[in-house]
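Coordinates in review
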Amino acid sequence: MKGHLQEAVFSLLLALVAAFLCVSAMDIPGGAHGSIAPATFPSVITFIIALLAILNVIACILKGKKANNLPAISRQGFLNLALFIVLSTAYVWVISMAGFLVSTFLYLLLMPPFICLISTDRKGHVAKPAFWARVTVFALLGTGIIYGVFVELLKVRF
Amino acid sequence: MQTLTDTIQLFGPLTLLAILAGTFLGIILGALPGLSAAMAVALLLPLTYGLDTIAGIGLLLGAFCGAIAGGSVPAILLNMPGTPGSIATTFDAAPMAANGRAGKALGLSVAASFLGGTISALILMLVSPLIASVALQFGAAEYFSLSILGLMIIVSISGGSLIKGLIVGLIGMLMSTVGADQVTGAMRLTFGQMSLLTGISLLAVIVGIFAVSQLLLDMEKMHEKRPSMKVENALEGAFPRMREVLRNWKLLLMSSFIGAGVGAVPGAGGSIASIMAYDQAKRFSKNSKEFGKGAPEGVVASESSNNAMVGGALIPMLTLGIPGEGATAVLIGGLMIQGIQPGPMLFDTQATLVYGIFVAFLLANIMMLFVQWWGIRLFVRILRVPQHFLLPLIFIFCAIGVFSINSDYFDVYLMMALGVLGFFLARFGFGVAPVVIGLILGGVAETNLRRGLQTFDGSWEPFFTRPISVTFLILALVFVVFSLRASWRERKANAVSN
């Protein structure tokens, strides 16, 4: 899908979410009390966002490439994003289950090879034993430093 | 005299160490291509939670100054600006480096950054109390109109399209409405989520929008082949002496004034400041033909103006509570996390703190000079750290930092969701800074609109009849018309060229 069409789809999604929020905002209880009601600001804002987003959809479709000359997000780009988001969400979930040390060490151990595998010019690194040694040292050091800063220094509790 | 004594007492060893650490980390983050000053300040924001107010703000100011100055390292050595403010630095610094004068270009940029920052600190100290004393006369109507003006300037200047700018600014304003209503206590857009009762976490928005979205932008392009980064022989060529930099004192002064002036205009930012200063330097220089081929004056103009922009941007932030661009929006977030609301009242009620911020900014500039001058070899090495190590480390820092404020995993998931939103906004040319600015201004606008209507018995008239309020509203309209006219002209020019 071309860049301007991707933007049109994104704007359409924005318009739909804004319309949903607008309807939800209208249900906010409370009177004006000599001023404006609690529902007014969110309702008006979401209504304008929905309207502007639809205008942007129309602009994208009518103007085509002229509306947006940014390159489209490729299929591989979407895949990279999805994998990064899934792995990072899993990391946050694992912290709540297994604690900070184990999850952070595993995340720092797995992410560098994952990033190398999806980058064209770094794929070869993964096959080298020296790379794994470096990654292990990095994971150990990284976990230790972040633990020191946040848990010991700033007293963050998980 | 008492205020001066109190201010000096604020600067204990911990505060000085915090400013030094902020400056050091800011330079490192600014030196990494693609990381903006706003992202550097956002990443360090969670660290301020455990510090006292002035140490926390000093750390963030150090990071802001350091990141802007650090942006010159990749601009010089890789011809790739570390932050948008260093774009004009590449014009002459990169050719200097290519001709074996990288050391001189780096030295000039360090010294010019320090002098530009110091001059803007002096401007900040002189101008801010004057503006704050005027702003003390503002009532609810003026604050409402001012927040609308701030938002309009930002959406008009920051992006190419007014529609996109408005959408992004309004998304930020919408976020400010989430949570229990301050007047009636009614739940607004919380959908039963207890974590949203007190509103959306400011830190989750800041880190998600500025930092996580940037990580996703990097990840998207990870499979693409990138140009090799050769930074060997980075420091060849002699470092200049300070005398050599001061020889360009007229240029330094002019660029610093341009930087501070542009910085004080909401939405303008470092890239506009440095390009304007570069353009003026070229116009007035006797060696104008050398510009673009490795003229030292070009580096001095760009670097002094982008660091002077920092002081300028602090003026509306401190005096009016209006963030000028992304990094100052994050700084306001830092102040709010510490329970401080910037604005003219701050000068009246917490003068010691305000003077403390001035001194912290001045100290950050001085520390930046020494840290960058002596540590330049280390910062050059930062460019060699591979992305596959950096990106996961930055993500962990974001996640743990956001979690640390409320010990709530919901904030971390929210940060990720906002990061995805920020990615698409940035990717399709909407821009992300207006989200955070809208979030801060949205609260100001709604609170003052409601307060004003209550004061004026439900009448809207005073918003349009009080002289200062109506002036702000007219200016807001002028910016909208100006922006529409500019995009109409651009469209016409494109049609002609096609």
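Note that the structure is a prediction, hence the values are computed from the model and not measured. (Residues numbered from 1 in each chain as written. Chains lettered and ligands numbered in written order. Predicted model: local features only at pLDDT ≥ 70, side-chain atom pairs only at ≥ 80, totals over all residues. Heavy atoms only, no water.)

Quick notes on the overall build of chain B
The criterion, for reference: Under the scheme used here, helices are H or I runs from DSSP no shorter than 4 residues and strands are E runs no shorter than 2 residues, and both carry numbers assigned from the N terminus. Just to be clear, the radius of gyration here is over C-alpha atoms, and the globule rule we use is 2.2 Å times residues to the power 0.38. The buried label goes to any residue with under 20% of its type's maximum accessible area, the exposed label to any with over 50%, and the partly exposed label to all in between, with areas taken from a 1.4 Å probe on protein chains only. Here, Shrake-Rupley sampling with a 1.4 Å probe gives the accessible areas, and only protein chains in the shown set may cover a residue.
Assigned secondary structure in chain B consists of 22 helices and two strands. Taken over C-alpha atoms, the radius of gyration comes to 22 Å for chain B, in line with the 23 Å a tight globule of 498 residues would show. On the principal axes, the C-alpha backbone points of chain B span a range of 70 × 65 × 45 Å. Expressed as a percentage of the 498 residues in chain B, the buried residues total 62%. With an accessible surface of roughly 18600 Å², chain B has 64% of that area assigned to carbon and sulfur atoms.

Remarks on the interface of chain B and chain A
Condition: Here, two residues are considered to be in contact whenever any of their heavy atoms come within 4.5 Å of each other. Buried area: the accessible surface (1.4 Å probe) lost by two parts on joining, summed over both. Within this document, salt bridges are pairs made up of a side-chain nitrogen of Lys or Arg and a carboxyl oxygen of Asp or Glu, the two lying within 4 Å of each other. Residues are grouped as follows: Ala, Val, Leu, Ile, Met, Phe, Trp, Tyr, Cys and Pro are nonpolar; Asp, Glu, Lys and Arg are charged; every other residue, Gly included, is polar.
The partner chain A presents 79 residues to the 66 residues of chain B that form the contact. Here chain B meets chain A over a buried area of about 6100 Å², counting both sides, of which 80% is carbon and sulfur. Remark: the boundary between chain B and chain A carries one salt bridge. Salt-bridge contacts for A:Glu7 lead to B:Lys164; the nearest nitrogen and oxygen are separated by 3.2 Å. Breaking the side of chain B that touches chain A down by element, the ones donating at least two residues are α9 (162–177), β2 (187–188), α10 (202–220), α18 (387–406), α19 (409–427) and α20 (433–455) of chain B. Of all the elements, α18(B) adds the most residues to the side of chain B that touches chain A, at 13 residues. A per-class count over the side of chain B that touches chain A returns 41 nonpolar, 14 polar and 11 charged.

Considerations on the domain arrangement of chain A
Spelled out, the test is: Per the annotation, domain bounds derive from an automatic or database assignment of domains.
What the domain assignment reports for chain A is domain 1 (3–67) and domain 2 (75–153). Placing a centre on the C-alpha atoms of domain 1 of chain A and another on those of domain 2 of chain A gives a separation of 38 Å.

Details of the layout of surface pockets
By rolling a water-sized probe across the atoms, one finds the places where empty space is left. Residues and elements named next belong to chain B. As a reminder of what qualifies: Grid points spaced at 1 Å over the protein atoms alone were grouped into cavities, where a 1.4 Å probe fits but cannot get out, and pockets, open sets with protein on both sides within 12 Å along at least five of seven lines, with lining residues defined by an atom within 4 Å of a point. Grid points are joined across faces, edges and corners, and a volume is the space filled by probe spheres set on the points.
Considered as a void within the structure, the second largest pocket measures approximately 1400 Å³ in volume. Taken together, 47 residues make up the lining of the second largest pocket; nearest its centre are Gln182, Met336, Gln341, Gly443 and Thr447. Those elements that provide at least two residues to the lining of the second largest pocket are α9, β1 (179–180), α10, α15 (326–337), α16 (344–349), α18 and α20. Broken down by element, the lining of the second largest pocket gets its largest block of residues, 10 residues, from α20. Along the lines of polarity and charge, the residues of the lining of the second largest pocket split into 23 nonpolar, 17 polar and seven charged.

Some thoughts on unusual backbone geometry
All names here are of chain B. Look at Phe191: it is not a glycine, yet its phi comes out positive at around 50°. With respect to the helices and strands, Phe191 occurs in the loop between β2 and α10. Of the residues examined, Phe191 reaches a relative accessible area of 52% and is grouped as exposed. Non-glycine residue Asp457 carries a positive phi angle of around 55°. Residue placement: Asp457 occurs in the loop between α20 and α21 (461–465). Overall, Asp457 belongs to the exposed group, its relative accessible area being 72%.

Some remarks on the packing of α10(B) against α20(B)
Residue and element names in this part refer to chain B. Definition in use: As a rule, the C-alpha atoms of each element are fitted with a line to give its axis, helices using only the stretch in contact, and angles between N-to-C directions run from 0 to 180 degrees. Here is the rule for angles: anything less than 35 degrees is roughly parallel, anything more than 145 is roughly antiparallel, 65 through 115 is roughly perpendicular, and the remaining ranges are oblique. Crossing handedness: left-handed means the near helix sits turned counterclockwise from the far one by under a right angle, and right-handed means the same turn made clockwise.
Direction vectors running N to C along α10 and α20 enclose 165°, while the axes themselves pass 9 Å from each other. On the basis of their axis angle, the class for α10 and α20 is roughly antiparallel. In the crossing of α10 with α20, the sense of the turn from one axis to the other is left-handed. Residues Leu202, Val205, Ile206, Ile209 and Phe210 of α10 form the contact with α20, whose own contacting residues are Ala433, Val435, Val436 and Leu439.

Some remarks on the nonpolar core
Threshold: Each nonpolar core is a collection of buried residues, namely Ala, Val, Leu, Ile, Met, Phe, Trp, Tyr and Cys, held together in the definition by side-chain atoms within 4.5 Å.
In terms of nonpolar packing, the biggest core is built from 219 residues, with A:Tyr91, B:Met175, B:Val205, B:Phe395 and B:Met415 touching the most fellow members. A domain-level breakdown of this core finds at least three residues from each of domain 1 (3–67) and domain 2 (75–153) of chain A.

A look at the pattern of salt bridges
Residue and element names in this part refer to chain B. Tallying each qualifying case throughout the model produces eight salt bridges over all chains. Ionic pairing is found between Glu446 and Arg450, a salt bridge with its closest N-O pair at 3.6 Å. Taken together, the positions of Glu446 and Arg450, both in helix α20 and four residues apart, correspond to about one turn of that helix. Here Glu446 matches Arg450 in class, with each residue buried. One network of salt bridges, in which partners are shared, links Asp181, Arg188, Glu446 and Arg450.

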